[in-house]
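What the coordinates show
Listed here are the chains, written in short residue letters.
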Amino acid sequence: MTPKVLQRWIAFLFFTVFFLPRASATIHFSEFTLPNGLHVILQEDHNAPIVAVSVMYHVGSKNEEPDRTGFAHFFEHLLFEGSDNIKRGEYMKLVEAAGGQLNANTTQDRTFYYEVLPSNQLELGLWLESERMLHARIDTLGVETQRKVVKEEKKQRYDNSPYGQIINVVYENAYSKYPYRWAPIGKEQYIDKATIPEFLAFYKTFYVPNNAVLVLSGDINPEQATSLINKYFGDIPKGTGIIPRPTEPEPVQTAEKRVTFNDHIQLPAVIIAYHIPKLGASDYYAIKLLTQILSEGKSSRFEKELVDKQMKAVETSSFDLGNEDPGLAVMLAIANRKVKPEDLEKAMLDEIDKVKKDGVTEQEYDKAENQAENQFVAQNQKDIGVAENLATYYTFQGDANLINTELSRYKKVTRQDLQRVANKYFTSENRLVVDYLPRPTANRRPGMRMVPANPTK
């Protein structure tokens, strides 16, 4: 067997066991907090010889200043640049050489780093994450390199992608005060203006042990893992500054907002967004189920009515943007040819009004409950999914054991709850409507304008 064939075979075996189902529905774990404030969660599972090493920092785009948006996402990239003891560009090489994979992602509320490694490489993962927390390399070369990377990512995923500005437009107009009013990608001009001292200050404020949770999930010996965690994280100093959190809530919206945005697209889209409660609130679970009923699958209301029957849309979607603080429920439809946005909007609102007036059927309710359970169980079938869930529940709600009880919150939702939340939250005064239109001319740049709300809608 050649080295290349052997390498592919090892990779195949690794990713096969990575996705093996777990033997137990109940997820057992232990947790403790180091003197420096780092919270640790250990989840032991010997189903496969791998381990997920993860660190979630309680920092996202909502922790940024309005004139320095994009910092948290920028750090998602920057903290792979190396450290005092890791050469530039070596993070990925070290993990791949050990037979693992690594990545990171950023939301408005947190940043999540992880490695998935063969379990005999646990110490490597802990060392890498401790270096990121204590000795990250933040210098001119790294910053300039990542400035280019982030700007290129923004161009590819947002600026030059069809309908790529939808989330940005929704956030910028749905919120007026709370720092959810910008997306994590931020504005490139603010990253260009930022200085090395500003980046260092951000790092020292947020990427500290008392603002993080370390989760190990997989083939570990808890006693050995605890010893290694003390070895690599025990002497990292606790952050000394106050970790700032947003305190001014978003004002209650009292009138419909309407926006027109022009982009380089062929077919118009209509987006309707409603303010909803935060993660963990009882009504959040009912809203999540309701958005699934509206557009999840071929038998959903939007798909059957707007796409199949009326043929007013070529694609529909409905989803919640659940956050640590109050988020949004978003309904989206891309118009069929020659369909006017106002006609598509009316068709969307008609389907929402049907739920408000008549509720949902027993079949729709059962399907939504089954979908929620399948999605929840599927994520907990993987070590990295378990690690992320444990970290999320602890970070946002202070209770990691929600990983075992969260599903019961969906089970408590009734059909009457679905109708109730539709009437409570899906109101005209609580919504934002975006007409996402093709540019009037080929040379016109993307742009946005506010339009007066129509009180008759």
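Read on for a plain summary of the structure. All values reported here derive from a predicted model rather than from experimental measurement. (Residues numbered from 1 in each chain as written. Predicted model: local features only at pLDDT ≥ 70, side-chain atom pairs only at ≥ 80, totals over all residues. Heavy atoms only, no water.)

1. So, the nonpolar core
Judged by nonpolar contacts, the single largest core of 61 residues is most densely connected at Met-331, Leu-344, Met-348, Leu-418 and Phe-426. Per-element accounting of this core gives the leading share, eight residues, to helix H10 (residues 282–295). Once residues lying within four places of it in the same chain are set aside, the contact partners of Met-348 are Val-270, Ile-272, Phe-302, Leu-306, Met-331, Leu-332 and Ala-333. Core analysis: the next-biggest nonpolar cluster, separate from the first, contains 50 residues, Leu-42, Phe-75, Leu-126 and Leu-228 among them. (Core = buried A, V, L, I, M, F, W, Y, C linked by side-chain atoms within 4.5 Å. Buried < 20%, exposed > 50% of the residue type's maximum accessible area, 1.4 Å probe, protein only. Helix = DSSP H or I, 4+ residues; strand = E, 2+ residues; numbered from the N terminus. Contact = heavy atoms within 4.5 Å.)

2. Some words on the packing of helix H3 (residues 90–97) against helix H4 (residues 122–134)
Running from N to C, H3 and H4 point in directions that differ by 170 degrees, and their axes come no closer than 11 Å. Accordingly, the angle class assigned to the pair H3 and H4 is roughly antiparallel. Residue-level inspection shows Tyr-91, Leu-94 and Val-95 of H3 in contact with H4, the latter providing Leu-124, Trp-127, Leu-128, Glu-131 and Arg-132. Among the residues making up the contact of H3 with H4, the classes are represented as six nonpolar, no polar and two charged. (Axes fitted to C-alpha atoms, helices over the stretch in contact; angles between N-to-C directions. Parallel < 35°, antiparallel > 145°, perpendicular 65-115°, else oblique. Nonpolar A, V, L, I, M, F, W, Y, C, P; charged D, E, K, R; others polar.)

3. Comments concerning the packing of H10 against helix H15 (residues 402–411)
The interhelical angle for the contact between H10 and H15, taken along N-to-C directions, is 70 degrees, at an axis separation of 8 Å. As far as their axial angle goes, H15 and H10 are roughly perpendicular. The two elements H10 and H15 meet at a crossing, and its hand is right-handed. Residues Tyr-285, Lys-288 and Leu-289 of H10 pack against Glu-406, Arg-409 and Tyr-410 of H15. (Left-handed = near helix turned anticlockwise from the far one by under 90°.)

4. Focus: the pairing of strand S6 (residues 212–218)
Buried residues dominate S6, accounting for seven of its seven residues. Direction of pairing for strand S2 (residues 39–44) relative to S6: parallel, over a ladder of six bridges. Each bridged residue has a counterpart across the sheet, and for Leu-42 the counterpart in S6 is Leu-216. (Pairing = 2+ DSSP bridges.)

5. Section: the pairing of strand S8 (residues 269–275)
With seven of its seven residues buried, S8 lies for the most part within the structure. Alignment of S8 against strand S10 (residues 328–335), held across seven bridges, turns out to be antiparallel. By the bridge assignment for S10, His-275 is matched with Leu-328.

6. Thoughts on the packing of aromatic side chains
As enumerated under the stated definition, the model contains 22 aromatic pairs in all. Ring geometry for Phe-75 against Tyr-207: centres 5.2 Å apart, planes inclined by 15 degrees, an arrangement best described as stacked. Placement of the pair is Phe-75 in helix H2 (residues 71–78) and Tyr-207 in the loop between helix H8 (196–206) and S6, with a sequence separation of 132 residues. This pair shows no difference in class: Phe-75 is buried, exactly as Tyr-207 is. Look at Tyr-163 and Tyr-436: their rings are 5.8 Å apart centre to centre, the planes differ by 35 degrees, and that puts the pair in the tilted class. Of this pair, Tyr-163 sits in the loop between helix H5 (140–159) and helix H6 (166–174) while Tyr-436 sits in strand S11 (residues 431–438), and the two are 273 residues apart along the sequence. Like Tyr-436, Tyr-163 is buried. Each residue in the set Tyr-57, Phe-71, Phe-74, Phe-75, Phe-80, Tyr-91, Tyr-113, Phe-199, Phe-202, Tyr-203, Phe-206 and Tyr-207 is aromatic and connected to the rest through ring pairs, giving one cluster. Sitting above the plane of the Tyr-91 ring, Arg-132 keeps its charged end 4.8 Å from the centroid. (Phe/Tyr/Trp six-rings, centres within 6.5 Å; stacked < 30°, edge-to-face > 60°. Lys NZ or Arg CZ within 6 Å of the ring centre and 35° of its normal.)

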